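Fold and contact review
Given next are the chains, with one letter for each unit.
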Amino acid sequence: MKHLLSISDLSPEELSEILELAEKLKTERYKGVITDYLKNRSLAMIFELPSTRTRVSFEVAMTDLGGHALNLSWNELQLGRGEPIKDTARVLSRYVHAVMMRVRNHSTLEEFASYSSVPVINGLSNLEHPCQVISDLLTIKEYKGSLEDVNIAWVGDGNNVCNSLILATALMDMGIVVSTPPKYEPDKSIIKRAKELKARLNFEPNPMRAVKDADVIYTDVWVSMGQEEEKERRLEDLGPYQINRRLIDAAKEDVIVMHCLPAHRGEEITDEVMEGASSVIFDQAENRLHAQKAILLKLIGGENE
Ligand code: CP
Ligand code: NVA
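Residues numbered from 1 in each chain as written. Chains lettered and ligands numbered in written order. Predicted model: local features only at pLDDT ≥ 70, side-chain atom pairs only at ≥ 80, totals over all residues. Heavy atoms only, no water.

What about the packing of aromatic side chains?
By convention here, two paired aromatic rings are described through the distance between centres and the angle between planes. Convention followed: Any Phe, Tyr or Trp ring, taking Trp's six-membered ring, that has another such ring centre within 6.5 Å forms a pair; planes under 30 degrees apart are called stacked, those over 60 apart edge-to-face, and the others tilted. Counting from the N terminus, the helices are the DSSP runs of H or I reaching at least four residues and the strands are the DSSP runs of E reaching at least two. Three labels apply to residues, based on accessible area from a 1.4 Å probe with only protein chains included: buried if under 20% of the type maximum, exposed if over 50%, partly exposed otherwise in between.
With the rule as written, the count across this model stands at one aromatic pair. When the ring of tryptophan 154 is compared with that of tyrosine 218, the centres are 5.0 Å apart and the planes differ by 25°; the resulting orientation is stacked. Separated by 64 residues along the polypeptide, tryptophan 154 in strand β5 (residues 151-155) and tyrosine 218 in strand β8 (residues 216-219) bring together distant segments of the chain. This pair shows no difference in class: tryptophan 154 is buried, exactly as tyrosine 218 is.

This is how it looks when you write it as structure tokens:
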């Protein structure tokens, strides 16, 4: 039994296996192959924060694999009325085979997982978004042929997605340059963990210089969920970090642009770049589905896989 709270809960071998499985499942879906690898298995999905991609891709993933997903909003559960996390975790463990949760505070996930006897999957916390970056690696592999020698430039806010991406590059021995304004750097605990994993991590506050040798430019919103009160200051501080035509022109000709979505056009990325030839953003969103299936199979597939 394994939880997926941080991308670094996976070994490089496990992560590679998930990516290969995702590729296989993607091919099967395109061929219209009917699978029931998760027949009679149930996934509880608990959302403390909104979601489009994570919610729908996990639910469809369970359906495609012959299983069932329950979409549970925090406030509609007794959790919203104060039932302890530790009680909810123990009760749900008796009904379902895994729990996927999107929470404000990473500590909520850790507490839930410590009382859960079934795998708990991080569907986004303030600290990490591991499922997102698993599908991102799949997208990079598709566009660049392999993950080897790929260099990523993260430009913007050093947030939850950035944290997981840094750890993912460390696991897969890829290079990453992080370009943020001062005070928007990734979480210190993540940098420490990345160093332990021998990450090829560099910091370059000038975005033009950061993208020069990049194969992938990745950005995300400047105001993440739960940071709405800081909006004005964030938009001002992060203004020079927009992904626009000028920045793309400073990068390699075959650079690809990624964004986990939802995007705020005109803030972290221009409409022109989002809709332009370098953008792989919608293929990236599709891959959430294929990657979720592989994650689920790996965690709860058992003998049905
Ligand atoms: N990228 C992502 O996790 O999207 P949602 O917030 O829509 O799930
Ligand atoms: N960093 C964003 C990601 C949304 C998928 C947030 O936490 O809101």
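As for the pairing of strand β7 (residues 200-203)
Put simply, the test is: Between any two strands, pairing holds if DSSP finds at least two bridges. Looking down the strands as they point away from the viewer, one classifies a crossover as right-handed if the path from the first strand across the helix to the second runs clockwise.
Strand direction decides the pairing type here: strand β6 (residues 175-179) and β7, joined by four bridges, are parallel. Within β7, the position partnered with glycine 175 by the bridge is arginine 200. You can see the chain leave β6, run along helix α7 (residues 188-196) and come back into β7, and the turn it takes is right-handed.

Some words on the sheet that holds strand β9 (residues 256-259)
Each strand in a sheet pairs with its neighbour through backbone hydrogen bonds, running either in the same direction (parallel) or in the opposite one (antiparallel). Where we set the bar: Angles run from 0 to 180 degrees between N-to-C directions of axes, and those axes are lines fitted to C-alpha atoms, restricted for helices to the stretch in contact. Any two residues whose heavy atoms approach within 4.5 Å are treated as being in contact.
The strand order β7-β6-β5-β8-β9 describes an open sheet built from five strands, whose pairing is parallel. Strands with a single pairing partner mark the edges of an open sheet, and in this sheet they are β7 and β9. For this sheet, the mean inter-axis angle between neighbouring strands, taken without regard to orientation, is 20°. Packing against the sheet, helix α6 (residues 160-171) makes contact with β5, β6, β7 and β8, and its axis sits at approximately 155° to β6.

Things to note about the site of ligand 2
Rules: Definition of nearness: a residue and a molecule or strand are near each other if at least one heavy atom of the residue lies within 4 Å of the molecule or strand. Residues adjacent in sequence count toward polar contacts only when both atoms are side-chain atoms; beyond that, a polar contact is any pair of N or O atoms within 3.5 Å, and within protein one must be able to donate a hydrogen and the other to accept it. With residues, only the protein chains shown are counted as cover, and all accessible areas are computed by Shrake-Rupley using a 1.4 Å probe.
All residues in the neighbourhood of ligand 2 are listed as Leu124, Asn159, Asn160, Asp220, Val221, Ser224, Met225 and Leu261. A distance of 3.3 Å is found between a nitrogen atom of ligand 2 and a side-chain nitrogen or oxygen belonging to asparagine 159. Here an oxygen atom of ligand 2 and a backbone polar atom of methionine 225 are 2.8 Å apart. Against a free-state accessible area of 270 Å², the protein chains account for coverage of 94% of ligand 2.

A few points about the site of ligand 1
Filter applied, for reference: Following the grouping adopted for this structure description, the nonpolar residues are Ala, Val, Leu, Ile, Met, Phe, Trp, Tyr, Cys and Pro, the charged ones are Asp, Glu, Lys and Arg, and the polar ones are all others, Gly among them.
In the vicinity of ligand 1, the contacting residues are Ser51, Thr52, Arg53, Thr54, Arg102, His129, Gln132, Cys260, Leu261 and Arg288. For ligand 1, an oxygen atom lies 2.8 Å from a polar atom in the backbone of arginine 53. Coverage of ligand 1 by the protein chains reaches 95% of its 260 Å² of free accessible surface. Across the shell around ligand 1, the residue classes break down as two nonpolar, five polar and three charged.

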